[in-house]
Amino acid sequence: MLASLLLIVGALLAVWLARDWLGRTGPGALKRLGVGLGLAGLVVAGIWLVATGKLAGLLAIGAGLAPWIGRAMKLHAFWRWLSTVRRPAEPSPAPSPPATAMSADEARAVLGVAPDADADAIRAAHRRLMLANHPDHGGSTWIAARLNQARDVLLG
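Basis of the calculations
Residues numbered from 1 in each chain as written. Predicted model: local features only at pLDDT ≥ 70, side-chain atom pairs only at ≥ 80, totals over all residues. Heavy atoms only, no water. Helix = DSSP H or I, 4+ residues; strand = E, 2+ residues; numbered from the N terminus. Rg over C-alpha atoms; globule rule 2.2 N^0.38 Å. Buried < 20%, exposed > 50% of the residue type's maximum accessible area, 1.4 Å probe, protein only. Core = buried A, V, L, I, M, F, W, Y, C linked by side-chain atoms within 4.5 Å. Contact = heavy atoms within 4.5 Å. Patch = residues over 30% accessible without salt bridge, like charges linked within 9 Å, V, L, I, M, F, W, Y side chains within 5 Å. Areas by Shrake-Rupley, 256 points an atom, 1.4 Å probe, with all protein chains shown as cover. Salt bridge = Lys/Arg side-chain N within 4 Å of Asp/Glu carboxyl O. Axes fitted to C-alpha atoms, helices over the stretch in contact; angles between N-to-C directions. Parallel < 35°, antiparallel > 145°, perpendicular 65-115°, else oblique. Left-handed = near helix turned anticlockwise from the far one by under 90°. Phe/Tyr/Trp six-rings, centres within 6.5 Å; stacked < 30°, edge-to-face > 60°. Lys NZ or Arg CZ within 6 Å of the ring centre and 35° of its normal. pLDDT = per-residue confidence, 0-100. Expected span 1.5 Å × (residues − 1).

Here we take up the overall build of the protein chain. The helix and strand inventory of the protein chain stands at six helices and zero strands. Reading the helices (α) and strands (β) of the protein chain from amino to carboxyl end gives α-α-α-α-α-α. Taking 2.2 N^0.38 as the reference for a compact globule, 156 residues should give roughly 15 Å; the C-alpha atoms of the protein chain span a radius of gyration of 34 Å, well beyond that estimate. Across the 156 residues that make up the protein chain, the buried fraction comes to 12%.

Shown next, in the form of structure tokens:
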């Protein structure tokens, strides 16, 4: 009676610990665990068949599974090919900003500031335009680079 109770408590504790571990473990580790347990089961089954003199049974099982393993390998290759076909194309990179230096007049035109604008007005115009054209908010990287270049030219 006591042994049965201890066995039940131990089994419940093992299930609880396994559930907790499975909740914290990522899918990659679970996949490795499943593959490892499957291979270990096959090894144990093979050793049991050899030890009991039923090697012919192991060979018969292997021969029976051979066509299915071949089909599974073909299906896996097809699935990998299909996953590469469905993948969307990479977007083309935006054109890089021109390598030529920007003049002060060009910089004022880009930022939309007057020739007598002070540093605070330049910073405010730059901030306003960057909020509207930042690449993280759907804007162009080329426009953002031009705005930064204009600010750097005017502020030194």
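Resuming the write-up.
So, on to the nonpolar core. Ranked by size, the top nonpolar core spans 12 residues in total: M102, A107, L111, V113, I122, A125, L129, M130, A144, L147, A150 and L154. When contributions to this core are tallied by element, the ones reaching two or more residues are α4 (104–111), α5 (119–133) and α6 (141–155). Sequence-distant contacts of A107, that is, excluding residues within four places in its chain, are made with M102, A150, V153 and L154.

Before going further, it helps to spend a moment on a nonpolar patch on the surface. Taken together, the side chains of W21, L22, L30, L33 and L37 make up a nonpolar region of the molecular surface, amounting to roughly 430 Å² of accessible area. Elements with a contribution of two residues or more to the nonpolar patch: α1 (2–24) and α2 (27–51). Here the nonpolar patch takes three residues from α2, the largest share from any one element.

Where α4 meets α6, the closest approach of the two axes is 9 Å, and the angle between their N-to-C directions is 130 degrees. The pairing of α4 with α6 is recorded here as oblique in orientation. The element α4 and its partner α6 pack so that their crossing is left-handed. In contact with A104, E106, A107, R108, V110 and L111 of α4, α6 contributes R146, L147, A150, R151, V153 and L154.

Summed over all chains, the structure comprises one aromatic pair. Stacked on the ring of W68, the Lys or Arg R71 has its end atom at 4.8 Å from the ring centre.

Another aspect to go through is the confidence of the model for the protein chain. For the protein chain, the average pLDDT comes to 84, and 90% of its residues sit at 70 or higher. Of all secondary-structure elements in the protein chain, the lowest mean pLDDT belongs to helix α3 (residues 55–86), at 83, while α5 reaches the highest, 91.

Moving on, we get to α2. Here α2 is 25 residues long and its end C-alpha atoms lie 36 Å apart, about the 36 Å a rise of 1.5 Å per residue gives. In the stretch just after α2, G53 is the one whose phi turns positive, near 80 degrees.

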